[in-house]
Amino acid sequence: MRKNNLTLIDNAEEIRNIDQECHRLKDLDENKCDPFEDCVERFQWSITASYYMCWFTLKEQPELMHFGESCDNFANCLQNGDSTTNYDIRADDSIPFQCAMYSFCPDPCCSSKRLLLANDSCQFTDGNPCRSLNNPKCSFNKTLNRSFISVVYNEWNVSCVCQTDGYRWNSRYGQCVDHNECRHPNPCDTLTEDCINVNGKFHCSCKLKYKWSSKEEKCVENDVLVRAMKRFSGADLDGGHCTRPNNLLCLILGGVFLMEYLTNKLWLF
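This structure is a prediction, so every number in the text was calculated from the model and none was measured. (Residues numbered from 1 in each chain as written. Predicted model: local features only at pLDDT ≥ 70, side-chain atom pairs only at ≥ 80, totals over all residues. Heavy atoms only, no water.)

1. Focus on the overall build of the protein chain
Okay, step 1: Secondary structure summary: the protein chain contains six helices and eleven strands in total.
Okay, step 2: Burial analysis of the protein chain (269 residues in total) assigns 27% to the buried set.
Okay, step 3: Expressed as a percentage of contacts within the protein chain between residues at least 6 apart in sequence, the contacts between residues at least 24 apart total 46%.
Okay, step 4: For the protein chain, the accessible area works out to roughly 18,100 Å², and carbon and sulfur atoms hold 52% of it. (Helix = DSSP H or I, 4+ residues; strand = E, 2+ residues; numbered from the N terminus. Buried < 20%, exposed > 50% of the residue type's maximum accessible area, 1.4 Å probe, protein only. Contact = heavy atoms within 4.5 Å. Areas by Shrake-Rupley, 256 points an atom, 1.4 Å probe, with all protein chains shown as cover.)

Structure below.
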């Protein structure tokens with residue numbers, strides 16, 4: 001129809017006949033299993049092929065970058081009677097790998113079979129995992145979805161906009177969860193501070209043997225412990241560390257330091 005420039009206004013009857021023939025041949029093809037032994041084997045082959053084609057697309061195989069032609073289901077029967085094409089805004093071959101994504105992979109952000117307008121037409125549909133959030137925008141990154149097993153099991157990593165600071169969308173749980181800011185890179189001074197993750201934020205706390213200095217605005221060596229170590233230097237201590245943890249002196253020093261540590265412990269916000 002596209003090749004012959006057919007329009008609904010001038011060629012309605014011809015278009016209807018072509019579409020009816022398309023559906024007849026499609027039904028015939030669905031019940032024909034050649035050259036496979038049976039239709040189950042044909043189904044297994046087609047599903048396996050679709051998995052690999054989607055996976056190759058996600059891995060951005062160069063051969064799939066552009067099709068060089070329209071890919072909006074031009075080989076399919078018409079999906080409705082208001083157009084001579086199955087135009088879809090997602091079938092834009094000018095965008096690298098867009099036609100391959102449209103042809104071989106499901107759209108994890110939108111289950112609609114056809115999109116005529118902007119992507120926001122999908123934001124409040126059941127197929128959008130972000131629809132329950134204040135901002136229902138959903139985005140999909142190919143580089144974060146390159147596990148073949150995930151393709152087979154239809155497990156997709158999408159991104160939603162979380163309204164609460166310190167929270168990030170987790171596709172496994174289907175909701176915004178607390179982001180552990182203490183993971184790499186560690187925001188605290190790794191030499192003198194411990195990072196403690198709490199809901200929506202994190203705290204930096206002085207490590208053992210250190211205390212907070214308001215004057216220097218950082219964690220500094222605990223002078224009480226330093227003096228104690230100097231006083232008992234040589235008594236089963238090696239660089240300030242007990243070489244025999246069960247030694248009585250080590251236990252006394254540990255108690256002194258623990259009291260000082262608890263007294264001077266300070267959270268940094």
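2. Looking at the nonpolar core
Okay, step 1: Counting seven residues, the largest nonpolar core consists of Cys109, Cys130, Cys138, Val158, Cys160, Cys162 and Trp169.
Okay, step 2: If sequence neighbours within four positions are ignored, Cys162 has contacts with Tyr167, Arg168, Trp169 and Cys176.
Okay, step 3: With six residues, the next largest nonpolar core counts Leu58, Met101, Cys105 and Trp156 among its residues. (Core = buried A, V, L, I, M, F, W, Y, C linked by side-chain atoms within 4.5 Å.)

3. Topic: the side chain of Asn145
Okay, step 1: Counting through the fold element by element, Asn145 comes out in the loop between strand E1 (138-140) and helix H4 (148-152).
Okay, step 2: Accessibility expressed as a relative area gives 5% for Asn145, which makes it buried.
Okay, step 3: Here Asn141 takes part through its backbone oxygen, which lies 2.8 Å from a polar atom of the side chain of Asn145. (Polar contact = N/O pair within 3.5 Å; in protein donor to acceptor, adjacent residues only side chain to side chain.)

4. So, the state of the cysteines
Okay, step 1: Scanning all chains against the criterion turns up nine disulfides.
Okay, step 2: Here Cys33 pairs with Cys39 through a disulfide, and the sulfurs are 1.7 Å apart.
Okay, step 3: Residue class for Cys33 comes out buried when judged on its relative accessible area of 13%.
Okay, step 4: In this structure Cys39 comes out as partly exposed when scored by relative accessible area, which is 34%.
Okay, step 5: The disulfide that involves Cys71 links it to Cys99, with 1.8 Å between the sulfurs. Handedness of the Cys71-Cys99 disulfide follows from its S-S torsion of about -85°: it is left-handed. (Disulfide = S-S within 2.5 Å.)

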